[in-house]
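Survey of secondary and tertiary structure
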Amino acid sequence: MVMMVGQWFARYVVHKVMDKMGDKALSLTSDNDNMLVDVRTMLKKVEDSLPRILAVIHATEGKPIKSQVLVNWLRELKDAAYEADDVLDEFEVRELQELQDSSKMAAFVSSAHRFIKNLFVSDDELRRLKNLVGDIDEIFLDIDSKTAEVDKYVAKGKSATRETSSFMREEVIGRDKERDKILDMLLRLDDEPDFGSKGAGSSSYPSLGVLPIVGIGGVGKTALAQLIYNDERVANHFKRKWVYVSDDFKLKRIFKELIYDSPGGVFEDNISSAAMLKKLKDEFKDKRFLIVLDDVWDETGTTWEELSSALTFGAKGSTILLTTQSPKVAEIMGTMNPIHLEPLEEHDFGRLFELCAFGDEELEPDLKAKLQLIGQQILQKLHGLPLAGKALGSLLRTRLDEKFWNAVLESEWWEEDFAVSNILPSLGLGYQHLSTNLKQCFAYASVFPKAYVFQKERLVQMWIAQGFIQSKSQEDIGSQIFDELADRHFFLSKQDGGYMMHDLIRELAVCVSLDECCVVNDDEPVEIPPTVRHLTFTAAKLDAVREVHKFRKVRTLIFFHEYNPREFYDVLEDILENIKSLRVLDLSYVRMELKRLPDAICELSHLRYLDISHTKIRQLPKSFPRLCHLQVLNVKGCFSLYKHTEGMDRLISLRYFYAEAGTISLINGIGKLTNLQELENFQVARKRGHQIGELKHLRNLRRRLHIRNLENVESKEEAMEAQLKDKHQLNEVSNCWTEDRKTVETWTWLYLKALNHHALVITSYGGLRYPTWLVTNRLINLVSVTLSSCKRLDSLPPLGKLPFLTNLEFKVMPALKLIGVELYENADPVFPSLEFLKLELLEGCEEWSEAHSRQFLPHLRELHICHCKKLRKAPLPYLPTSFLKALNVWNFGDLGCDLSGCLQLLTSIEFLELHDCKHRASVCLSNLSNLNVLWLINCPELRLPGGIRSLPKLRELTIEGCPNLYEPGLQWDQPSDEQNLRSLSYFGTDGCTLYNMRLMFGRIHTLRMLQYCNCKHLASFTVEQEEWLQQLPSLEELQFTRSEELLSLPANLANISSIKKLEISSCPEIKSLPENGLPMLLKELIISQCPSLIERCRKDEGADWLKIAHIPYIQIDDQEIESMTRVSCSGAAADHVCIGAGAEHDDDDNWGNELNCKKVFYVL
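Computed from a predicted structure; not experimentally measured.

**Here we look at the overall build of the chain**
Of regular secondary structure, the chain possesses 36 helices and 39 strands. Relative to its full complement of 1164 residues, the chain shows a buried share of 54%. Here the contacts in the chain between residues at least 6 apart in sequence split such that 66% fall between residues at least 24 apart. Just so you have it, the chain exposes about 50,700 Å², and 47% of that area is on carbon and sulfur atoms.

This is how it looks when you write it as C-alpha cells:
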C-alpha cells in the first residue's frame, strides 16, 4: 500500500497559528484568565510539535510503505493535522463574520484581546482543541521510533534505484526516426553539428554540443541512448563514455567514471576540484567524444557549469547526449533543440508487446490468435509506454493461457506487485523530484475520472480551496505549479486549450493517493476507503451516493452523472447535513433539473468552491451569505436564477463569480466584494449600488472587464470614480453602449484616457466617427484592439503606429466602405508588430488600400477575411512572404489577381482555407511547400492548374463543393505513382473529386483517415474508385456521414485490411453491408441514423449480424453492442463464471481469487 502524506497542511496550520495567535495577541492575554492561558499553552505545544511532524511527513511523501502499523500511525498524524486545520478554520469564521459587519470592523481590528475572546468562547470548541492537542501528544510519543522506521523505508527506496549502463539488453523497436535524426547530427564530420534554433553561439561552450532527450519515465529515453551509443558508426568516430547520473550529480563521482574505465579503478579520494577538472581536460582534449549522461535531474546547473568548462576542449563535433524527464534540465544544459520522445505508435507498440509476451514460443494457432485479441485490448490500457509494454508482456509470458490473460485484462494492472516493482518506479521518479506542494497538487488530480479534460484555472481554484497554496498571490503561484507539472509531462496540452493526463500518469496519481481520492463508477465497483477526503461519482445509480454521509472527513465532492432531481435533492440534503468539512462541491457536470439547494449548504463554514452552473436552480437559500469562506461561485448558465438572496455583498471572501450578465447585475453593492479577481460583466445603472463607482475598490481585478451601458454614466466626476488606472492587473477592458444610442457625451472618454491596459474592446458604439481619444499616445501599450458592432462607424482610427499591437479585429461594421490609408497614417512600417488581423462581416466594404511603398504588416502570421461580400481589392500581394502562416478567406468578392498573385508568393503559409468563393478563380498552389492544412469548401468556379500533388508537407485536406478543381489538358493530367503527398494523413470529401482521384492525388501511402461527408451526388462507387481505395496501405479510419444519396458502401471493403475503425452515420439509403462483409481486423464499428442498415445489424437476429460479430467494439445509435469476440462473465454469488466453447473451469475455485479477477472474457 502506498501511504500519501502531504506537507502542505502542516505548513498551513503553522501559518494560521502564527497569523491568528501571534506574540502580540498572546501577550495581551491576562494571566488571570485561565481559559486563555490554557489556549495559549496548547497552541504553543502544537506550534512546537509541528516542525518535527513536518519532517516525518516530508520523508514519507509518496513512499510505498507496506507496514500496516506505520501506515496507521501516519494516518493518525494526518487526521490530527486535518483536524487542526478545521478547528482553526472554524475560529476564523468568527473573524470573517465580524468583518461582514463594517460598523464593527474598526473595533475588531484594533483589539487583539477581543479577537482571542471571540475565538474561544464555547466549551465545545475548547474541548475540541484539547482533544486535538491530546492526539498530537500521543502521536508525538512514538515519533522517534516511527522516524527510524521511516528512515529505513527511505534508505531502502534509494538503494533500490535502478542503474543503467551502455549495454543493450533487448531490441529497440519503433525509434528508427529518432535514431536516424540523432545519428545524422552526430556524424557530420566535416561540418559543425546542427545545433538547431538554439544555436551554438547561444551556449557558453560553443565547441561542445549538448543534445537532450526528454520524455516521461518509461518512454524509452535510455534505450534510445543505448541504441545510439552502440551504433557501429558512433563507435568508430567517437571516444565514448556512459555515466548514469540520477540524483547523484556530484563532480567527483562523474569525474571518476569519465576518467577510469571501471568504478574499481585507482582513485585519489582527496583530489581537489581543480585537479579533477585539469585531469578531465587533459583526458578529452582534442578528442572527438560522445558522453552519455543518463537520467539527469539536477536543475541547479552549478555542477554542470564546472563539468562543461572542462569538456570544451574536445575536437570538433564532440557531443554530450543526456536523458532527462525534466524540461528545465534540458533548457539549462542543452545547446541543441531537445528530442521530445513520445509514446510508441500503435503498430510498433504491438510489435514490442508481442515480442515480450510470446518471444520464440511455439503456440497453437487458435490459442495464439485468442491471446493476441486479448493482448490488443490490454494494450489500450498502456498507451504506448514501452516500459509498461515490456513489463506486462513479460508477466503474461509466464502463463500463456486465456484465464490468466483475461484476468489481467480485467484487473487494474497498476495495483499488481509487478507494476509497483517495474513500472511505477520509473514513472514515480518524476513524481519524487517534485516539491511537496507540487506532489499534493498532482495527486489531487486523481479525483477526476479517466479522459477528463482539465481547465487550468478551474483546477488551480480547487487547489486554493483545499489550502494547497498559501500565498498572497495564490492564483499566480497556482498557475506556476500547473505550468511546471505540464512542463514535466504530468499534464498534456490539447489543441482546444484544455489539458489531459496520460492514463499511466493518472494511474500514478491514483497510486499515490489511494487513501484520499476515490472515483466511484458503475463499470469498476470500488470500496470507498474510510480515510477518503476527495470523492467523485460517475455512477449512474444513486445507491452508492446514499452512503456518502458516512464519510464525514470528505473535503471534495464532484458528481458526473444526471440523477432524478427529487431523489438527488434528498440525498444531497443528507450529505450536506453530515459532512461539515466540505470545501469543494461541484454539481455542474450533472446538468439536471435541480431547482434549489438544501438550506444545509449554508452551514458549511469551510466551503470555498461551489459550482452549480448549468442547473435549473431558481434561487439561492436565504442564509447563503453566511458562507463567508466562499471563494468561487459559478452559476453560469443558470438561466432560471432570476433573483439573488439579499446580502450577496456579504460574501467578502469571494474571488470569482461566474454568472450571466443579468445575474451579476442583481447584486446590490458589488463594490464591497473587494477580493474579486475577475468580473466578466458589469452593467452600469443609475440606481445606488449599481453605479460605475462600484468598481473603485475592486483593485484586484485581473485579465478582463466588460463594462456595459456606459450611457448611464452621468458626469465626468462619476466616470473618474471607477479608477480603472489603479487596476494594474487588468489586461483587457471592453466597453459597450446601448446599441441604439446615437450620440455619446465627450466626457465619457475621460475615464478611458487613464487606461493603461493591453487590450481594448469597443462594442455597439453608436457614433459616426471614432472617439478622439483613440488618436492619443496614451494607448501606446495596447496589444489588442477590437471594434465590433459599431454599425454607424464609417471610418477607422489611426492605429498603424501602435508599436506593440499584435491583435486587430474589425467586426460587424456595415457602414464601412473603405479601409483606407487613414488607418495607417504615416507609419512606416505599418503595424510593425501585428500578428493577427481579422476582417469579419464588413458587408459594405469594397476596398482595402495598400500602403504605398511602405513596409506593410511585416510580422503578420494570421489573416482572416470573412463575409466581406463586396471586397474586390485588397493588398494581398504585399503580405509578408516569410511570416504569414495562416490565410482564411471566406465569402468574399472577386479578388481576381490579388488572391492568385499572393498565393504564388506565400511560401511560408501552413494553413489555407478558401470558403464560399462564388467567382471564377484560378489558383496555383505549387509553391506552397510548407502547407500543412488545406480546406477548399463551396468554391464551384475554383481551378487548381498546378494540382495539389506538389505539397510534400500537407497533412490535412478537405474538399467539398468544388467540382471544377480538375481541368483537363493541364500539366497534371497524367496518372502518377509518385508519392508527392507523402505526409497526408486526413482527407475529407463530399465526393466531388472522386472521378479524378488518381489524377489529383496519385498514390497516398500515408493516408490514415478518409471521410466522405455531405455526398449529395454520390450513389455508389465505380471500379476505378474502389481500386484507388485499395491503394491506401495506411488507411485506418473510414467514415461515411450525412450522405443521403449514398446507396451502398464500396463492394470490396473487406479487402482493405488496414482499416480499424468504420463509421456510418446519417446515410439512410444504405440498406445493407457489402456482400463480402467488412475487414476481418476491424476493431470498431459505429452506425447511427441509418434505419435500414441498423435493422440488418441487430444482434443475433439481423441479416448482417454475422458480418460484424467478430468486431470487438460495436456502437449502434449510441448503444454499445456486445459482440461474440468479447463475452462478459459475471455472477452475483460466484467468484468467477466461465463462458466459451469447451470451457471447463467450474471445479477450479482458486485461479480467479489468486488473480483478484472480477470478470472474465473469452474469445469464441
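**What about helix α19 (residues 402-410)?**
Most of α19 is tucked away, with 8 of its 9 residues classed as buried. Burial in α19 covers these residues: Glu-402, Lys-403, Phe-404, Trp-405, Asn-406, Ala-407, Val-408 and Leu-409. Two to three positions downstream of the cap, the backbone nitrogen of Lys-403 sits 3.2 Å from a side-chain oxygen, assigning the N-cap of α19 to Asp-401.

**Points about the environment of Leu-782**
Its location among the elements puts Leu-782 in the loop between β18 (759-763) and β19 (784-788). For Leu-782, a relative accessible area of 4% puts it in the buried group. In this structure, the C-alpha to C-alpha distance between Leu-782 and His-758, residues 24 residues apart in sequence, is 4.4 Å.

**A look at the sheet that holds strand β2 (residues 239-246)**
With respect to topology, 5 strands assemble into an open sheet ordered β2-β3-β4-β1-β5, the strand pairing being parallel. The open sheet has two free edges, formed respectively by β2 and β5 (339-340), since each of these has just one partner strand. Sheet analysis places strand β3 (residues 289-296) next to strand β4 (residues 319-324), joined by 4 bridges and oriented parallel. For Ile-291, the partnering residue across the bridge sits in β4 and is Ile-320. Relative to the sheet, helix α12 (residues 251-259) contacts β2 and β3, its axis offset from that of β2 by approximately 150°.

**Examining the side chain of Ser-326**
Here Ser-326 shows up in the loop between β4 and α15 (327-333). In this structure, Ser-326 is in contact with Glu-299 and Arg-488, ignoring residues within four places of it in sequence.

**Focus on the pairing of strand β26 (residues 911-915)**
With 4 of 5 residues buried, β26 lies mostly within the body of the structure. One ladder, built from 5 bridges, connects strand β25 (residues 886-892) with β26; its direction is parallel. Note on β26: the bridge partner recorded for Val-889 is Leu-914. Bridge count between β26 and strand β28 (residues 933-937): 5 bridges; the pairing is parallel. By the bridge assignment for β28, Glu-913 is matched with Trp-935.

**Examining empty space enclosed by the protein**
Enumeration over the complete set of coordinates arrives at 13 cavities of 30 Å³ or more. Empty space within the largest cavity amounts to approximately 90 Å³. Residue lining of the largest cavity: Glu-171, Val-172, Ile-173, Arg-175, Val-219, Gly-220, Ala-223, Leu-352, Pro-386 and Lys-390, and that is the complete set. Looking at side-chain class alone, the lining of the largest cavity contains 6 nonpolar, 1 polar and 3 charged residues.

**Quick notes on the packing of aromatic side chains**
Applying the stated criterion across every chain yields a total of 27 aromatic pairs. An angle of 55° between the planes, with centres 4.7 Å apart, marks the rings of Phe-442 and Phe-490 as tilted. Of this pair, Phe-442 sits in helix α22 (residues 436-444) while Phe-490 sits in the loop between α24 (474-487) and β6 (492-493); the two residues are 48 residues apart in sequence, bridging distant segments of the chain. For the pair formed by Phe-442 and Phe-490, the shared burial category is buried. Taken together, the aromatic side chains of Phe-448, Tyr-452, Phe-454, Trp-463, Phe-482, Phe-491, Tyr-499, Phe-560 and Tyr-589 make up a single cluster linked through ring pairs. Above the face of the Phe-313 ring, Lys-281 is positioned so that its terminal group lies 4.2 Å from the ring centre.

**A short note on the nonpolar core**
With 115 residues, the main nonpolar core has Trp-848 and Phe-1001 as its most contacted residues. In this view, Trp-848 contacts Ile-819, Tyr-824, Leu-837, Leu-839, Phe-856, Leu-857, Leu-863, Ile-865, Leu-871, Lys-873, Ala-874 and Pro-875; residues no more than four positions away in its chain are not counted. Counting residues in hydrophobic clusters, the runner-up holds 70 residues, among them Ala-600, Leu-604, Leu-607 and Ile-612.

**Some details on unusual backbone geometry**
That bond from Asp-828 to Pro-829 is cis: its omega, 5°, falls within 30 degrees of zero. By secondary structure assignment, the location of Pro-829 is in the loop between β21 (818-819) and β22 (836-840). Unusually for a residue other than glycine, Ala-451 sits at a positive phi of about 65°. Its location among the elements puts Ala-451 in the loop between α22 and α23 (456-465). With phi around 65°, Arg-703 is a residue other than glycine that occupies positive phi space.

**Focus on the pairing of strand β20 (residues 807-811)**
Burial within β20 is extensive, with 4 of its 5 residues counted as buried. Inspection of the sheet shows β19 paired to β20 by 5 bridges, in the parallel sense. By the bridge assignment for β20, Ser-784 is matched with Asn-807. As defined by bridge partners, β20 adjoins β22 across 5 bridges and the pair is classed as parallel. Among the inter-strand pairings, Lys-811 is bridged to a residue of β22, identified as Glu-840.

**Describing the environment of Leu-931**
Summarising the element assignment, Leu-931 is placed in the loop between β27 (921-922) and β28. Between the C-alpha atom of Leu-931 and that of Arg-955, which follows or precedes it by 24 residues, the distance is 8.2 Å. Once residues lying within four places of it in the same chain are set aside, the contact partners of Leu-931 are Ile-909, Glu-910, Phe-911, Leu-912, Leu-951, Lys-953 and Leu-954.

**Focus: the sheet that holds strand β12 (residues 609-611)**
The strands that make up a sheet pair up through hydrogen bonds in the backbone, lying either parallel or antiparallel. On the basis of which strands lie adjacent, the open sheet formed by 7 strands has the order β8-β9-β10-β11-β12-β13-β14 and parallel pairing. Each of the sheet's edge strands pairs with one partner strand only, and the pair in question is β8 (517-520) and β14 (656-658). Each neighbouring strand pair of the sheet contributes to a mean axis angle of 5°, computed without reference to strand direction. Here 3 bridges tie strand β11 (residues 584-586) to β12, and the two strands are oriented parallel to one another. Across the sheet, the residue bridging to Asp-586 is Asp-611, located in β12. Each of β10 (556-559), β11, β12, β13 (632-634) and β14 is contacted by α23, which is oriented at about 140° to β12, the strand it contacts most.

Calculation notes
- Residues numbered from 1 in each chain as written.
- Predicted model: local features only at pLDDT ≥ 70, side-chain atom pairs only at ≥ 80, totals over all residues.
- Heavy atoms only, no water.
- Helix = DSSP H or I, 4+ residues; strand = E, 2+ residues; numbered from the N terminus.
- Buried < 20%, exposed > 50% of the residue type's maximum accessible area, 1.4 Å probe, protein only.
- Contact = heavy atoms within 4.5 Å.
- Areas by Shrake-Rupley, 256 points an atom, 1.4 Å probe, with all protein chains shown as cover.
- Polar contact = N/O pair within 3.5 Å; in protein donor to acceptor, adjacent residues only side chain to side chain.
- Pairing = 2+ DSSP bridges.
- Axes fitted to C-alpha atoms, helices over the stretch in contact; angles between N-to-C directions.
- 1 Å grid on protein atoms, 1.4 Å probe; cavity = no way out; pocket = protein on both sides within 12 Å on 5 of 7 lines; lining within 4 Å.
- Points joined across faces, edges and corners; volume = space filled by probe spheres on them.
- Nonpolar A, V, L, I, M, F, W, Y, C, P; charged D, E, K, R; others polar.
- Phe/Tyr/Trp six-rings, centres within 6.5 Å; stacked < 30°, edge-to-face > 60°.
- Lys NZ or Arg CZ within 6 Å of the ring centre and 35° of its normal.
- Core = buried A, V, L, I, M, F, W, Y, C linked by side-chain atoms within 4.5 Å.

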